[in-house]
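Observations on the model geometry
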Amino acid sequence: MEHWLAAVDYTQPTHTEGLEQYHIRCKKGDIGKAVIVPGDQSRVKMVADLLSEVKEVADNRGMITYTGIYRDTRISVTSTGMGGPSAAIAYEELINVGAEVLVRVGSVAALQPEIAPGDLSIPYGCIRDDGVTPYYVPQNFPAVPDPELYQSLVRNAEKQGIRYWKGINWTHSAFYSRSPEYFLQWSRKRVVTMEMEAATLMTIAYLRGVSAAFIGTVFENRQKQAEGHRMDLSVPSYKKPEVATGVEASVKIALDACVERVSQIQGGEQ
Ligand SMILES: O=P(O)(O)O[C@H]1O[C@H](CO)[C@@H](O)[C@H]1O
Ligand SMILES: O=c1cc[nH]c(=O)[nH]1
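Reading the values: the criteria
Residues numbered from 1 in each chain as written. Chains lettered and ligands numbered in written order. Predicted model: local features only at pLDDT ≥ 70, side-chain atom pairs only at ≥ 80, totals over all residues. Helix = DSSP H or I, 4+ residues; strand = E, 2+ residues; numbered from the N terminus. Rg over C-alpha atoms; globule rule 2.2 N^0.38 Å. Contact = placed C-beta atoms within 7 Å. Near = placed C-beta within 6 Å. Nonpolar A, V, L, I, M, F, W, Y, C, P; charged D, E, K, R; others polar. Core = buried A, V, L, I, M, F, W, Y, C linked by C-beta atoms within 7 Å. Buried ≥ 20, exposed ≤ 12 C-beta atoms within 10 Å, placed from the backbone. Arc of directions from axis to C-beta. UniProt positions renumbered as here; feature names shortened; annotations may be inferred. Axes fitted to C-alpha atoms, helices over the stretch in contact; angles between N-to-C directions. Parallel < 35°, antiparallel > 145°, perpendicular 65-115°, else oblique. Left-handed = near helix turned anticlockwise from the far one by under 90°.

1. Here we look at the overall build of the chain
- Secondary structure summary: the chain contains eight helices and eleven strands in total.
- Here the C-alpha atoms of the chain give a radius of gyration of 18 Å, agreeing with the 18 Å that 2.2 N^0.38 yields for 270 residues.
- In the chain, the proportion of contacts linking residues at least 24 apart, taken out of those at least 6 apart, comes to 81%.

Quick look at the structure:
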């Protein structure tokens, strides 16, 4: 391990706590204890529409934040952009101004043949090819969700009666890789899905001592698209009704899990 990496101490303050943050433009008091963190800005509006007393708090560089009430709990939603390096900035800044529970709601590609568009992915671990956490911790450091928050996502997915998959998710950085092997290497290891920010979230949240987890909706199947060794990089299903249904369900599951986790934390359960 690099000497400087071994010396970094995540128990130390950042000296930006509570202040208005440079990118997200939020300060202490602007956000709830729980924040839903999609990559896509359009999903911010989708979450905001389910909140009462909702107001737009900030909008800078595509990082849009709304705060409102859901089932008596103050919850925010912030878009983080695409890829680990952009998302890491948003996660760090949200934690600086009081986020204690973060749930990423995103789109994923399936890596197993039986996983279909519209299914959900709730991973209990991620492979860290996210392009930014190797600069936080060595490669043998795991990316895992907060177990209580993860269980709450699973419980709420069961309640919704929607098909979901547990397992390992691959957080990667090269959306347009031309290599079928790039994708198939992980299909052969039983990895369920892939996307570009969940490992970043889980790693940073763990280092900062807060709760995080991920729920994704399957938009396409990269394993099938890699078959025949001619890589098809289209996203054929993104307008299909089952995908919209999956996204809608994932948002509700995430909101309910946030409420449960905040109530556990307020009740003294860490
Ligand atoms: O739908 P979001 O949350 O943006 O997530 C996925 O979609 C983007 C790629 O299309 C990447 O950000 C990936 O992680
Ligand atoms: O990384 C990703 C995320 C969503 N969909 C993909 O095809 N790849």
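2. Description of the site of ligand 2
- Close to ligand 2 lie Ser 107, Val 108, Ala 109, Phe 175, Met 194, Glu 195, Met 196, Phe 219, Glu 220 and Arg 222.
- Of all the secondary structure elements, the ones that give two or more residues to the shell around ligand 2 are β5 (101–110), β10 (193–195) and β11 (211–221).
- Top contributing element to the shell around ligand 2 by residue count: β5, with three residues.
- Among the residues making up the shell around ligand 2, the classes are represented as six nonpolar, one polar and three charged.

3. A look at the site of ligand 1
- Every residue near ligand 1 is listed here: Pro 38, Gly 39, Asp 40, Met 82, Gly 106, Ser 107, Phe 175, Glu 195, Met 196 and Glu 197.
- Residues that form the shell around ligand 1 fall into these classes: four nonpolar, three polar and three charged.

4. Quick notes on the nonpolar core
- Residues Ile 36, Tyr 91, Leu 102, Val 103 and Leu 201 are the most contacted members of the largest nonpolar core, which totals 76 residues.
- Filtering out sequence-adjacent residues up to four positions away, Ile 36 remains in contact with Val 47, Ile 75, Val 77, Val 103, Val 105, Ala 254, Leu 255 and Cys 258.

5. Brief notes about the environment of Ile 36
- Within the secondary structure layout, Ile 36 lies in strand β1 (residues 34–36).
- Under the C-beta neighbour-count criterion, Ile 36 is labelled buried, with 31 such atoms within 10 Å.
- Counting along the chain gives 215 residues from Ile 36 to Val 251, while the straight-line C-alpha distance between them is 8.5 Å.

6. Topic: helix α5 (residues 180–187)
- Taken as a whole, α5 has its buried residues at Phe 183, Trp 186 and Ser 187. Each buried residue of α5 lies within a common arc of 110 degrees when the element is viewed along its axis, so the set occupies one face.

7. Details of the environment of Val 47
- You can see Val 47 is positioned in helix α2 (residues 41–48).
- Taking the number of C-beta atoms within 10 Å as the measure of exposure, Val 47 has 26 and is therefore buried.
- A sequence separation of ten residues divides Val 47 from Val 37, and the C-alpha atoms of the two residues are 9.9 Å apart.

8. Observations regarding α2
- Within the sequence span of α2, burial applies to Arg 43, Val 44, Val 47 and Ala 48. Along the axis of α2, the buried residues cluster in a sector spanning 140 degrees; they form a single face.
- Looking at the buried residues of α2, the elements they touch are β1, β2 (52–60), β3 (63–70), β4 (73–78), β5 and α8 (241–266).

9. A look at the UniProt feature "domain: Nucleoside phosphorylase" (unreviewed entry) in the chain
- In the numbering adopted here, UniProt assigns the feature "domain: Nucleoside phosphorylase" (unreviewed entry) to residues 34–224.
- Its end C-alpha atoms 36 Å apart, residues 34–224 is made of 30% helix and 32% strand.

10. Section: the packing of helix α4 (residues 147–160) against α8
- At a minimum axis distance of 8 Å, the contact between α4 and α8 shows a crossing angle of 135 degrees. In terms of axis orientation, α4 runs oblique to α8. Relative to α8, α4 is oriented so that their crossing is right-handed. Where α4 approaches α8, its residues Glu 148, Leu 149, Ser 152, Leu 153, Asn 156, Ala 157 and Gln 160 are matched on the opposing element by Ala 249, Lys 252, Ile 253, Asp 256, Ala 257, Glu 260, Arg 261 and Gln 264.
- Looking at side-chain class alone, the contact of α4 with α8 contains six nonpolar, four polar and five charged residues.

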